[in-house]
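As a plain string of letters, each chain reads:
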Amino acid sequence: MLFSLSFFSPVSSFLSPSCQLQGQFLLNGMHKPGDVVLGGLFEVHYSSVFPELSFTSEPQQPRCQGFDILGFRHAQTMAFAIDEINKNSILLPNVTLGYSLYDNCVTLGVGFRAALSLASGREEQFLLDETCLGSPPVLGIVGDSSSTCSIAISSVLGLYKMPMVSYFATCSCLSNRQRFPSFFRTIPSDAFQVRAMLQILKWFGWTWAGLLVSDDDYGLHAARSFQSDLAQSGGGCLAYSEVLPWGNDPTEFRRIVDVMRKSTARVVIVFAHESNMIDLMEEVVKQNVTGLQWMASEAWSAGTVLHTLRFMPYLGGTLGIAIRRGEIPGFSDFLLRIRPDSDPNNSYGNSMVRQFWEYTFQCRFAPPPAEWVDAGGALCTGQEDLGNVEISISDVSDLRPEYNVYKAVYALAYALDDMLQCVPGRGPFSGHSCASLQRLEPWQLVYYLEKVNFTTAFGDQVSFDENGDALPIYDVMNWLWLPDGSTKVQSVGVVKKSASTGEELTLDEDRIFWNFESKKPPRSVCSDSCPPGTRIARRKGEPVCCFDCIPCSEGKISNETDSMECTSCPEDFWSSPQHDHCVPKRTEFLSYHEPLGICLTTASLLGTLICTIVMGIFTYHRSTPMVRANNSELSFLLLLSLKLCFLCSLLFIGRPRLWTCQLRHAAFGISFVLCVSCILVKTMVVLAVFKASKPGGGASLKWFGAVQQRGTVLALTSIQAAICTVWLVSSSPAPHKNTQYHNDKIVFECVVGSTVGFAVLLGYIGLLAILSFLLAFLARNLPDNFNEAKLITFSMLIFCAVWVAFIPAYVNSPGKYADAVEVFAILASSFGLLVALFGPKCYIILLRPERNTKKAIMGRGTTKT
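Below: a short report on this structure.

Definitions and limits used
Residues numbered from 1 in each chain as written. Predicted model: local features only at pLDDT ≥ 70, side-chain atom pairs only at ≥ 80, totals over all residues. Heavy atoms only, no water. Buried < 20%, exposed > 50% of the residue type's maximum accessible area, 1.4 Å probe, protein only. Helix = DSSP H or I, 4+ residues; strand = E, 2+ residues; numbered from the N terminus. Pairing = 2+ DSSP bridges. Axes fitted to C-alpha atoms, helices over the stretch in contact; angles between N-to-C directions. Contact = heavy atoms within 4.5 Å. Salt bridge = Lys/Arg side-chain N within 4 Å of Asp/Glu carboxyl O. Phe/Tyr/Trp six-rings, centres within 6.5 Å; stacked < 30°, edge-to-face > 60°. Expected span 1.5 Å × (residues − 1). Disulfide = S-S within 2.5 Å. Core = buried A, V, L, I, M, F, W, Y, C linked by side-chain atoms within 4.5 Å.

### Observations concerning the pairing of strand 16 (residues 319-323)
Link 1 in the chain: With five of five residues buried, strand 16 is to be regarded as a mostly interior element.
Link 2 in the chain: Where strand 15 (residues 293-296) meets strand 16, two bridges bridge the pair, whose relative direction is parallel. Bridged to Ala296 within strand 16 is Gly320.
Link 3 in the chain: Sheet topology places strand 16 next to strand 21 (residues 473-481); five bridges connect them, and they run antiparallel. Paired with Ile323 across the strands is Tyr474, a residue of strand 21.

### Side note on unusual backbone geometry
Link 1 in the chain: Cis geometry is adopted by the peptide bond preceding Asp144, which originates at Gly143 and carries an omega value of -10°.
Link 2 in the chain: Along the chain, Asp144 falls in the loop between strand 9 (140-142) and helix 4 (147-157).
Link 3 in the chain: In this structure, Asn288 takes a positive phi of about 55° despite not being glycine.
Link 4 in the chain: Tracing the backbone shows Asn288 in the loop between helix 8 (274-287) and strand 15.
Link 5 in the chain: Using a relative accessible area of 47% as the deciding quantity, one classes Asn288 as partly exposed.

### Description of the sheet that holds strand 13 (residues 237-244)
Link 1 in the chain: Ordered in space as 13-12-14-15-16-21-22-23, the eight strands form an open sheet in which the pairing is mixed. A strand with exactly one partner marks an edge of an open sheet, and here the two such strands are strand 13 and strand 23 (502-507). Strand-to-strand twist in this sheet, taken as the mean axis angle between neighbours without regard to direction, amounts to 25°.
Link 2 in the chain: Pairing of strand 22 (residues 487-498) with strand 23, which is carried by six bridges, proceeds in the antiparallel orientation. By the bridge assignment for strand 23, Gly493 is matched with Leu507.
Link 3 in the chain: Helix 5 (residues 190-204) rests against strand 14 (267-271), strand 15, strand 16, strand 21, strand 22 and strand 23 of the sheet, and its axis sits at about 50° to strand 23.
Link 4 in the chain: Contacts from helix 8 reach strand 12 (208-214), strand 13, strand 14 and strand 15 within the one sheet, and its direction differs from that of strand 15 by about 170°.

### Here's the deal with the pattern of salt bridges
Any two side chains of opposite charge can pair if their charged atoms end up close together.
Link 1 in the chain: This structure, assessed with the given rule, holds 23 salt bridges.
Link 2 in the chain: Lys32 is paired through a salt bridge with Asp83; the nearest N and O atoms lie 3.9 Å apart. Residue Lys32 is located in strand 3 (residues 29-32), and its partner Asp83 is located in helix 2 (residues 69-86); the two are separated by 51 residues in the primary sequence.
Link 3 in the chain: Owing to a relative accessible area of 27%, Lys32 belongs among the partly exposed residues under this scheme.

### Quick word on the packing of aromatic side chains
Link 1 in the chain: Taken as a whole and assessed by the stated rule, the structure comprises 35 aromatic pairs.
Link 2 in the chain: Centre to centre, the rings of Phe67 and Phe356 are 6.4 Å apart; their planes meet at 35°, and the pair counts as tilted. Pair noted here: Phe67 is in strand 6 (residues 63-67) and Phe356 is in helix 11 (residues 351-361), with a separation of 289 residues, a long-range link. For the pair Phe67 and Phe356, a shared accessibility class is recorded, and that class is buried.
Link 3 in the chain: When the centroid spacing of 6.0 Å and the interplanar angle of 40° are considered together, the rings of Trp727 and Phe758 count as tilted. Of the two residues, Trp727 sits in helix 19 (residues 706-730) while Phe758 sits in helix 20 (residues 755-778), which places them 31 residues apart along the sequence. Across this residue pair, the class does not change: Trp727 and Phe758 are buried.
Link 4 in the chain: A connected cluster of aromatic rings, assembled from ring pairs, spans Phe668, Phe672, Phe799, Trp803 and Phe806.

### Description of helix 19
Link 1 in the chain: Between its terminal C-alpha atoms helix 19 stretches 36 Å, which fits the 36 Å expected from 25 residues at 1.5 Å a residue.
Link 2 in the chain: Burial in helix 19 covers these residues: Gln709, Val713, Leu716, Thr717, Gln720, Ile723, Cys724 and Trp727.

### Concerning the sheet that holds strand 11 (residues 183-185)
Link 1 in the chain: One open sheet accounts for six strands, arranged 3-7-4-9-10-11; its pairing is mixed. In this open sheet, the two strands that pair with only one neighbour each are strand 3 and strand 11. Ignoring which end each strand starts from, the neighbouring axes of this sheet average 20° apart.
Link 2 in the chain: Sitting on the sheet, helix 11 touches strand 3 and strand 7 (97-103), and the angle it makes with strand 3 is about 130°.

### Let's talk about the state of the cysteines
Link 1 in the chain: On inspection of all chains with the given rule, the structure shows 10 disulfides.
Link 2 in the chain: The side chain of Cys363 participates in a disulfide bridge whose partner is Cys380; the two sulfur atoms lie 1.7 Å from each other. Its S-S torsion of approximately 100° makes the covalent link between Cys363 and Cys380 right-handed. With Cys363 in strand 17 (residues 363-364) and Cys380 in the loop between strand 18 (378-379) and helix 13 (401-420), this pair connects stretches of sequence that are 17 residues apart.
Link 3 in the chain: Classification of Cys363 as buried rests on a relative accessible area of 2%.
Link 4 in the chain: The buried category is assigned to Cys380, whose relative accessible area is 10%.
Link 5 in the chain: Here Cys611 stays free of any disulfide, with the sulfur of Cys645 as its closest cysteine sulfur at 8.5 Å.

### A word on the nonpolar core
Link 1 in the chain: Ranked by internal contacts, the top residues of the largest apolar core, which has 68 residues, are Phe42, Phe72, Met78, Leu97, Val142, Phe356 and Leu416.
Link 2 in the chain: Contributions of two or more residues to this core are made by strand 4 (36-42), helix 2, strand 7, helix 10 (331-336), helix 11, helix 13 and helix 14 (442-449).
Link 3 in the chain: Sort the elements by how many residues they give to this core and helix 13 lands first, with 12 residues.
Link 4 in the chain: Not counting chain neighbours up to four residues away, the residues in contact with Phe72 comprise Glu43, Val44, Phe67, Ile338, Met352, Val353, Phe356 and Ile393.
Link 5 in the chain: If you look at the next biggest cluster of nonpolar residues, it comprises 67 residues, including Ile653, Ile679, Leu768 and Ala818.

What is shown is where atoms sit, not what they do.
Here you go:
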């Protein structure tokens, strides 16, 4: 700003009402007059030797070196676009556009001087106007190509709302509307380029990459944006991030390449310029670092300077982001019609064209330098024919930056056309006013640039968002290394952003050339993805992409790749062997289909059958002394109770349900009390009969008649029924899914509900059994030949032994085995009673009928009392 203010020095109004130019820059340029003039800044030379910054009487001329044929073609694209617009009768009718194009020599100082010359004009003196009105020297500027130059120039020109439309500056910082209110561009910002790179990484599954950037605004802003977006997306990590130095710094390049060589990352992303890449590749070749997949930013992806036999063994297969290719009809013919200005002193002389002519035909215009004459160099006539030489400028098959220049010029033209079509009284400015051709202001053009929207002949839509960025679109390029050693840069995809679908990447993988023996994309990961059934365990002190895969523990699963945590299965489910999904837990209960259940069921039915057979035998022989002598009614009742005991064991087999849980213990308790009650009454009858056989003991039999016996059995059984009723009403047994025994299966069991109720039930059975055992033990030595008390004693001994052993076995048996123990106890005690009580009787009835007589039963030689 100070620079621009010091450029003009106002003379005292008392002396002269005018401003006078104190110094003038002589810049390489190309000019054409018009009603409205547009400015342009282009890289026509590679470098410059900058003179000392001072205002003297002598013009200051930077010495630009190294003619850039592509930069010159960029400038000619603007000239062609303006020429095409001037011939268009629809766009800007009756208005002739002119241009002033300058060479920035890839130097900030030169570019800044050129921009100030465009904004301030080059007239030696102009009169002051009290109203300060009038059109500026140029209404808008196309350029600059460098992000650094664009930042500096736009920071100053933005103060005066002078619109700049860049065709190659990609720094995302230029989207800051507060710092750069009048900056626009037809190339996507690095923010979109970074997201495009991330999409390519995601497409191929590359999560481990290295990043190299140039040491300037372009590279450093790209690095910050890349690292930020990469962290937010969670799509990968950087193995290293290095800044490429400017100039030849062998030590630093050696260090950077050594980092690349030692890294496990196979993908290298480079946001830099061709000059940076040349120095880098020299060191890559020295250290012979092969096997890398390079990803190029738009700054060097379409360049040809790296397509050499020395570099291509390493750079072959490079994937890059390139500016959208376009077609400009008639541009090739326009380039072939270029002619130099014959008058070198013309203020609108085209020095760029003269330098191009000298570069192309290797000649010099008069007067030539003395050293040129001494060397025998040819003089340029200006009549040489471009059609007779092979020059790259006429190759318009791959127009990329040129297409952006073309769109930038048309954006300014359409904005100007919209501004001039404004209807007075309906304008957007103060008092609904409109701009006029005689008093155009740059800020007015900025307003219309923000709203411009048109479609090129190639079919691309051009408009700017709120940050001055155009709708982003990139071509994805691939460096194809041909067998003859040549290189072809081919388009293999497109990445673009639209208002409807958002960002979208399209790739044709079949066309991509991979510079590897496998001819397939490389794998670039720090750690392989964790498959389903495992989880990620971060490695301490390493990036998040470096991790170990830990199998999920029992009962937990992960059904996605790279799961951070394993999730627990629901209560009724368990993890599969692979731990990638939940499966229903295996259910366990004493089933009729398993061997143990089959055996117990068979034993239960067998016992029931034997009871039935014995009952049939007793019924058939009911008139024999053996049956009649032992209270046949109690014997039949005892057989019935034993049959119930055998059958109640079936309630313990099969899937537990509410009714089976409630019925099993009640049926078991009542059946056994009925059985033991019969035995107890039979024992008491034996003792009463023995007592009645003695003198004076007959009165005792009246208490043990048939009615009393039935009443006693019923009373004793009713007590157990009452216990069961209270138990079922107060705390009923119920089915329960037990997961405590085994994590991977559900044990279906019946919980007793009330332990006290279960204990009282068993205790009552035990009390009757012990009482029966004691009475039978006392009557074991009675003198009858067939004394049933001995059999009762033995049967009760078996009964008590079984149930005493049952208690610890039941408590220590888990799940279905507890039911099996209880069924076994029921069957064992039932078989014990059946065999002990009815086995000897059936033996006599069936096999020793001669003993089934009253005489034999009463005892041989004894007399009836």
